[in-house]
Amino acid sequence: MTRSRRFSLACILTILITCATLWMSRPGMETGLATFGGSQRILAADAEQRWYRGNLHTHSLWSDGDDYPEMIALWYRERNYDFLCYTDHNVLQRSERWIDVEKSAGHRAAYDKLKLLFPLNWVQERTTNGRLEVRLKTFGELSERFDEGGKFLLIQGEEITDKFQKKPVHMNATNLQEQIPPHGGNSVYEVIQNNTNAVIAQRERTGKPIFVHLNHPNFVWGITAEDLARVRGENFFEVYNGHIGVNNAGDSIHASTERLWDIILSKRLSELDLPLMYGLATDDGHNYHHIPSRKSEPGRGWVMVLARDLTPKALIESLEQGLFYASSGVFLERVVSDASGLELEIRAEPDVEYTVEFVGTRLGFDPTSTPVLDKNGNELDVTRQYSADIGKVLAKAVLNQSKGSKVSYHFQGNELYVRARITSSKQHPNPSKVGDFQQAWIQPALGPAAKR
Ligand SMILES: [Zn+2]
Ligand SMILES: [Zn+2]
């Protein structure tokens, strides 16, 4: 072949490939599903897998919750949850622990309810110096009583409760095998990294699946986006926590948890070369009496995990693959992300409207930031202010049962990631913040402009 013929052939080939690529990536195109190596995600129940609803953040009388752990298991099981992870502060439910009934956080009323619902020698009690005491059930006893193959599962966990100076750094470890004491560190970032490393080390040593996540970043304004973005091995945080003191929505000085999420995702995908961060919803329940009231109560936020079976292993594998969504009231039938974009289908209730917002950051966004200043011009130690290019609402739709409950977002070609937020027109029946609507958070999917 002559040099000029080789050149012409190369030109024709280049043009053909370019045309094919442009055709494949044209906006709004309906492509098949199996086109995007490794990043296709289909979340829909079928013969092999189903949705499991669970709460990954729970306190009991083992730490600062106000009810017995078996009463809490019963509460969740009776409300159609499939799994529940106990996460008391810096403790696993393992030792022999007796509590003073009257002095305990639940007082006599909690004991009376316990005796009513668990008669027949379940409650072990004694009198010490004239005071009534009850032994708290261990995780082994609880799981033996409540685990029901495929129907309900209790998981052992801990809220590793650490801090840096006055800033709380709380991290949950799900399916933890041995208690992890808080590891500390010389900055918020280091505290998160050190505790993450401790969980990963236990996971590697025991060979058990163990899952770590960062809790309520805005509790006492402990964690900034800059702290969390660069942590390695920690890819989950609570975008929603049902405790009343956690400031999910931020304020005039502090970014909301969703804003943190978008800053973290944009930094990870453009500068830090780290994986996606996924968002969880949890209860962080402490108060189990007089529901609903304005305390930190169960039933506010949960995860829906698509898994092959109801075991810690299957649930954790699915969480790590992003096969779940977070919810405070909205349920979904199906979520698909692939080469063409994202598609979701809501399990719509009659007479309810659902606003779906697809949120993402595009390649070429402005990465610069400025510090937040107090009224004297001093820099505050809070998440910095970034451009509106980060976490932009890229598309919006309003759905309802009669208009249809499905919507898609088609990649334009320059997205680093896209996630979705669904807000119902129905108010949360027992919100952590008065006025909250029921929501769901769909996990981010890598966009066409993200490095793979
Ligand atoms: Zn906490
Ligand atoms: Zn907690």
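Every chain is numbered independently, its residues counted from 1 as its sequence is written. A letter from A marks each chain and a number from 1 marks each ligand, given out in the order of writing. Given that this is a predicted model, residues contribute local features only at a pLDDT of at least 70 and side-chain atom pairs are listed and counted only at 80 or more, while totals for whole chains, interfaces and linings are drawn from all residues.

Here we come to the sheet that holds strand β4 (residues 98-100). Remark on secondary structure: sheet strands pair via backbone hydrogen bonds, oriented parallel or antiparallel. Pairing between two strands is assigned when DSSP locates at least 2 bridges connecting them. Going along the chain from the N terminus, every DSSP run of H or I of four or more residues is numbered as a helix, and every run of E of two or more is numbered as a strand. Strand order in the open sheet made by the three strands is β4-β6-β5, with antiparallel pairing throughout. Here the strands that pair on one side only, and so sit at the sheet edges, are β4 and β5 (125-128). Strand after strand, the sheet turns through a mean of 35° between neighbouring axes, direction not considered. Here β5 pairs with strand β6 (residues 131-135) via four bridges, running antiparallel. Within β6, the position partnered with Arg126 by the bridge is Glu133. Angles run from 0 to 180 degrees between N-to-C directions of axes, and those axes are lines fitted to C-alpha atoms, restricted for helices to the stretch in contact.

Moving on: the sheet that holds strand β20 (residues 406-410). As summarised here, the arrangement of the four strands in space is β1-β14-β15-β20, forming an open sheet in which the pairing is antiparallel. Only two strands of the sheet have a single neighbouring strand rather than two, namely β1 (41-44) and β20. Ignoring which end each strand starts from, the neighbouring axes of this sheet average 10° apart. As defined by bridge partners, strand β14 (residues 332-337) adjoins strand β15 (residues 341-346) across five bridges and the pair is classed as antiparallel. Among the inter-strand pairings, Arg334 is bridged to a residue of β15, identified as Glu345.

All right, on to the pairing of strand β13 (residues 324-327) then. The side chains of a regular strand alternate, residue by residue, between the two faces of the sheet. Exposure classification rests on a simple neighbour count of other C-beta atoms within 10 Å of a residue's own: a residue reaching 20 or more is buried, one at 12 or fewer is exposed, and one in between is partly exposed. C-beta atoms are placed from the backbone. Both faces of β13 are covered, namely the face carrying Phe324 and Ala326 and the face carrying Tyr325 and Ser327. Relative to strand β22 (residues 437-446), β13 is paired through three bridges, and the arrangement is antiparallel. Bridge pairing in β22 links Ala326 to Trp441.

Interface size is commonly expressed as the accessible surface area that is lost when the partners come together. Where each domain begins and ends follows an automated or database-derived domain assignment. We note that the domain assignment places domain 1 (33-97 + 136-446) and domain 2 (98-135) within the protein. If you average the C-alpha positions of domain 1 and of domain 2, the two centres end up 34 Å apart. Each partner contributes residues to the interface: domain 1 has 13 residues there, and domain 2 has twelve residues. Classes in brief: Ala, Val, Leu, Ile, Met, Phe, Trp, Tyr, Cys and Pro nonpolar; Asp, Glu, Lys and Arg charged; the others, Gly included, polar. For the side of domain 1 that touches domain 2, the residue count by class is five nonpolar, two polar and six charged. Contact between two residues is assigned when their C-beta atoms, built from the backbone, lie within 7 Å.

With respect to the secondary-structure elements, Leu260 resides in helix α7 (residues 257-272). Leu260 sits 31 residues away from Ala229 along the chain, and the two C-alpha atoms are 9.0 Å apart. Those residues within four positions of Leu260 in sequence are excluded, and the remaining contacts are Pro217, Ala225, Ala255 and Thr383.

Attention now goes to unusual backbone geometry. Following Ile291, the chain continues to Pro292 via a peptide bond in cis, the omega torsion being 0°. Tracing the backbone shows Pro292 in the loop between β11 (278-282) and β12 (302-307). Unusually for a residue other than glycine, Val220 sits at a positive phi of about 50°. Checked against the element boundaries, Val220 lands in the loop between β9 (211-214) and α6 (225-229). When the 14 C-beta atoms within 10 Å are taken as the criterion, Val220 is described as partly exposed.

Let us now look at the nonpolar core. The biggest cluster of nonpolar side chains holds 98 residues, and the ones touching the most others in it are Val303, Val305, Tyr325 and Ala326. Other than its neighbours up to four places away in sequence, Tyr325 contacts Met304, Leu332, Val335, Ala440, Trp441, Ile442 and Gln443. By convention the nonpolar core is taken to be a set of buried residues drawn from Ala, Val, Leu, Ile, Met, Phe, Trp, Tyr and Cys and joined through C-beta atoms within 7 Å.

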